[in-house]
Amino acid sequence: MKKVYCVGEAMRDTVLRVSESKIVNEEEKKLLCFNFGDKIAVDELKHFCGGSALNVSFGLKKFGLEPAIISTLGEDSEGGRVLETLGSGGIDTSLIIKSGDFSTKAAFILNTPEGDRTILVYHGKGVLASDLVDWDKIEEGAMIYLGPLPENTQEFIDKVLEIKEKKNLSLVVNPGAIQISWPAPENKKVIEKADLYVLNKDEAMTIFPTIEGEKELLQKFIETGAKKIIITKGEEGSIASDGENFFKLGIVHVKTLDMTGAGDAFLSAVVGSIARDMPFHESLFAGAINSASVVEKYGAQEGLLGPDDIKTRTAEAALQTESL
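Since this is a predicted model, take the numbers as computed values, not measurements.

Here is what the cut-offs are and how they apply
Residues numbered from 1 in each chain as written. Predicted model: local features only at pLDDT ≥ 70, side-chain atom pairs only at ≥ 80, totals over all residues. Heavy atoms only, no water. Core = buried A, V, L, I, M, F, W, Y, C linked by side-chain atoms within 4.5 Å. Buried < 20%, exposed > 50% of the residue type's maximum accessible area, 1.4 Å probe, protein only. Helix = DSSP H or I, 4+ residues; strand = E, 2+ residues; numbered from the N terminus. Contact = heavy atoms within 4.5 Å. Axes fitted to C-alpha atoms, helices over the stretch in contact; angles between N-to-C directions. Parallel < 35°, antiparallel > 145°, perpendicular 65-115°, else oblique. Left-handed = near helix turned anticlockwise from the far one by under 90°. Nonpolar A, V, L, I, M, F, W, Y, C, P; charged D, E, K, R; others polar. Lys, Arg positive; Asp, Glu negative; His and termini not counted. Salt bridge = Lys/Arg side-chain N within 4 Å of Asp/Glu carboxyl O. Polar contact = N/O pair within 3.5 Å; in protein donor to acceptor, adjacent residues only side chain to side chain. Pairing = 2+ DSSP bridges.

Engineer: Pulling in residues and values, what's your account of the nonpolar core?
Structural biologist: If you look at soluble globular proteins, the nonpolar side chains tend to sit buried side by side. Ranked by internal contacts, the top residues of the largest apolar core, which has 43 residues, are Leu-54, Ile-69, Leu-86, Leu-196, Ile-230 and Leu-284. Breaking this core down by element, the ones donating at least two residues are strand 1 (3-7), helix 1 (52-62), helix 2 (77-88), strand 11 (143-146), strand 13 (196-200), strand 16 (246-249), helix 8 (262-275) and helix 9 (280-295). Tallying contributions element by element places helix 9 first for this core, with 7 residues. Leave out the neighbours within four places in its chain, and Ile-230 touches Leu-196, Tyr-197, Val-198, Leu-199, Ser-238, Ile-239, Ala-240, Phe-266, Val-270, Phe-280 and Leu-284. Grouped together as the second largest cluster of nonpolar side chains are 42 residues, Ile-144, Val-190, Leu-218 and Ile-229 included.

Given below as structure tokens:
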């Protein structure tokens, strides 16, 4: 089994389904509104463990890979629940940094009856610094997934890039808002090392604001050094390139219960498929199917699929990529 190190957040998620809410359109924004001062009834309450690194690790496990998670946790009850969940899922937790000086991260997810959600995030205490990680434990030739990080961690990411070269690692990058906001040279030095770089269209245009045209935007990431690039577009699907071919793919339409973890499910199925030597365009099918399955259930892990189920559902959905 291929080892994959998942770097990023692990946290506790609380999902609240709230019907006493109203979505208000204001110019180009949608606002989730409640009556000020009211006690708002919660229709349904569920607790899960989440965070991009944790969600992706569970998705990769479904593909027969061997994920390990690199994250921080507090020595608190919530951190204990996260460790218990990871352990029960067979995820390697030996590189998690746990400290009484930290507090475990948490997300509070407000779901509307339509399946849309607004997330309140507590990023806790405990910056993922490079001197906290035992880099000698990283296996040669493994894969590393660098997920969104809530802190300004340029020094840590520089260390990840150094270890990638030193240990011949494959690098998958899914940057967060903090990383996207960096000056262009800081983003470019990560892009040029990425075997797969995944982000949404708004984020892509923040990094390369002067590029017009979707194919040209993909090409810019390839020219910068990324071997493969996927740009997601929400309900419009995704566009992607493996450096030679340029694709676009729609989404699988299902009844949405909870959007939490949809992007992580997409990414883990793409990465899992690539690790199993599937053609790149077929890995996009796997991502779309896995994402659709996850949003049909509460939480980010219950709907995750393995490669056999994905293959069956792909055939049923008759997915096709189109050339850009």
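Engineer: Residues and numbers for the packing of helix 3 (residues 154-167) against helix 5 (residues 184-191), please.
Structural biologist: Packed helices, taken two at a time, are described by the angle their axes make and the gap between the axes. Contact geometry for helix 3 and helix 5: axes closest at 10 Å, N-to-C directions at 25 degrees. Comparing the axis directions of helix 3 and helix 5 gives the class roughly parallel. For helix 3 against helix 5, the interelement crossing comes out left-handed. Where helix 3 approaches helix 5, its residues Gln-154, Ile-157, Asp-158 and Leu-161 are matched on the opposing element by Glu-186, Lys-189 and Val-190. Looking at the contact of helix 3 with helix 5 residue by residue, the classes come out as 3 nonpolar, 1 polar and 3 charged.

Engineer: Could you give an account of the side chain of Lys-167, naming the residues involved and the relevant values?
Structural biologist: Note that Lys-167 resides in helix 3. At 5.0 Å, Asp-136 is the nearest oppositely charged side chain to Lys-167, a buried residue that forms no salt bridge. For Lys-167, the side chain forms a polar contact with the main-chain oxygen of Ile-138, separated by 2.7 Å. Not counting the four nearest positions on each side in its chain, Lys-167 is found in contact with Trp-135, Asp-136, Ile-138, Glu-140 and Gly-141.

Engineer: So what's going on with the sheet that holds strand 13? Residues and values would help.
Structural biologist: Across the sheet, 9 strands lie side by side as 6-1-11-12-13-14-15-16-17; this open sheet has mixed pairing. Each edge of the open sheet carries a strand with a single partner, namely strand 6 (66-70) and strand 17 (322-323). As judged from the 4 bridges shared by strand 1 and strand 11, these two strands associate in the parallel manner. Across the sheet, the residue bridging to Cys-6 is Tyr-145, located in strand 11. Of the strands in this sheet, strand 11, strand 12 (170-173), strand 13, strand 14 (229-232) and strand 15 (238-241) are in contact with helix 8, which crosses strand 13 at around 160 degrees. Sheet strands touched by helix 9: strand 13, strand 14, strand 15 and strand 16. Its angle to strand 16, the strand with the most contacts, is close to 20 degrees.

Engineer: Outline the sheet that holds strand 10 (residues 117-122), supporting the account with residue identities and numerical values.
Structural biologist: The strand order 5-2-9-10 describes an open sheet built from 4 strands, whose pairing is mixed. The open sheet has two free edges, formed respectively by strand 5 (44-50) and strand 10, since each of these has just one partner strand. Strand-to-strand twist of the sheet, defined as the mean angle between neighbouring strand axes without regard to direction, takes the value 20 degrees. Bridge count for strand 9 (residues 105-111) against strand 10 is 6 bridges, and the pairing is antiparallel. Its bridge partner being in strand 10, Ala-106 is matched across the sheet by Tyr-122.

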